[in-house]
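Chain by chain, the residues:
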Amino acid sequence: MERTLVLIKPDAVQRGLIGEVILRLERRGLKLIAAKFLQVSQELAEAHYAVHKGKPFYEGLVRYITSSPLMAMVWEGPNAVAAVRQTMGATRPTEAAPGTIRHDFALEVGRNLTHASDSPETAAQEIALWFKPEEIYPWERATDPWITGQN
Ligand code: IDP
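Residues numbered from 1 in each chain as written. Predicted model: local features only at pLDDT ≥ 70, side-chain atom pairs only at ≥ 80, totals over all residues. Heavy atoms only, no water.

Novice: Help me understand the site of the ligand in this model?
Specialist: Lys9, Tyr49, His52, Phe57, Leu61, Arg85, Thr91, Arg92, Arg102, Val109, Gly110 and Asn112 make up every residue found near the ligand. A distance of 3.1 Å is found between an oxygen atom of the ligand and a side-chain nitrogen or oxygen belonging to Lys9. His52 has a polar side-chain atom sitting 3.0 Å from an oxygen atom of the ligand. Isolated, the ligand exposes 530 Å² of accessible area, and the fraction of that covered by the protein chains is 78%. Here the ligand occupies the largest pocket. Counted by class, the shell around the ligand contains four nonpolar, four polar and four charged residues. (Near = heavy atom within 4 Å. Polar contact = N/O pair within 3.5 Å; in protein donor to acceptor, adjacent residues only side chain to side chain. Areas by Shrake-Rupley, 256 points an atom, 1.4 Å probe, with all protein chains shown as cover. 1 Å grid on protein atoms, 1.4 Å probe; cavity = no way out; pocket = protein on both sides within 12 Å on 5 of 7 lines; lining within 4 Å. Sits in = over half its atoms within 2 Å of the grid points. Nonpolar A, V, L, I, M, F, W, Y, C, P; charged D, E, K, R; others polar.)

Novice: Explanation requested: the packing of aromatic side chains in the structure shown.
Specialist: In this description, an aromatic ring pair is defined by two values, namely the gap between the centres and the angle between the planes. If you walk through the whole model with that rule in mind, you get zero aromatic pairs. When the ring centre of Trp139 is taken as reference, the NZ or CZ atom of Lys31 above it lies at 5.5 Å. A cation over an aromatic ring shows up here: Lys36 above the ring of Phe131, its NZ or CZ 4.8 Å from the ring centre. (Phe/Tyr/Trp six-rings, centres within 6.5 Å; stacked < 30°, edge-to-face > 60°. Lys NZ or Arg CZ within 6 Å of the ring centre and 35° of its normal.)

As structure tokens, this is what we get:
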């Protein structure tokens, strides 16, 4: 079972797309195990996007992510990392497949609505950065065996 960090970024919150993003992840069969709504500090933004430091879009990216509240979540499921990235679509909305969130609701890479961890290793680091262990609530869902194929 994998876990992945998902951010519903400030543009998606401002555009009223929180429900849409959650709906798609829930409907896919993924399970929400942690969530919080917050205004991101400069420090957290810089830590989250440390890998992009020095790139031309880095400062704009930090400004974007700190500009207005966002929703941070942890989702769990079989192959959660790949499944969530697939549901989000390619980083550039014009390259995202039809039916993905970025294709269906976005136009610009700089306002692409969501973040999702890109590997299980990154997911573990990002979840530890955004959530304290006691803020994560694994729970039994009656439909789990119908989704995972395991009893
Ligand atoms: P990802 O979010 O799909 O994993 P990354 O390459 O890790 O994509 O980039 C992180 C975020 O940085 C993107 O989601 C996007 O918001 C922003 N970004 C990436 N490339 C550009 C760019 O060329 N211009 C502006 N923003 C960018």
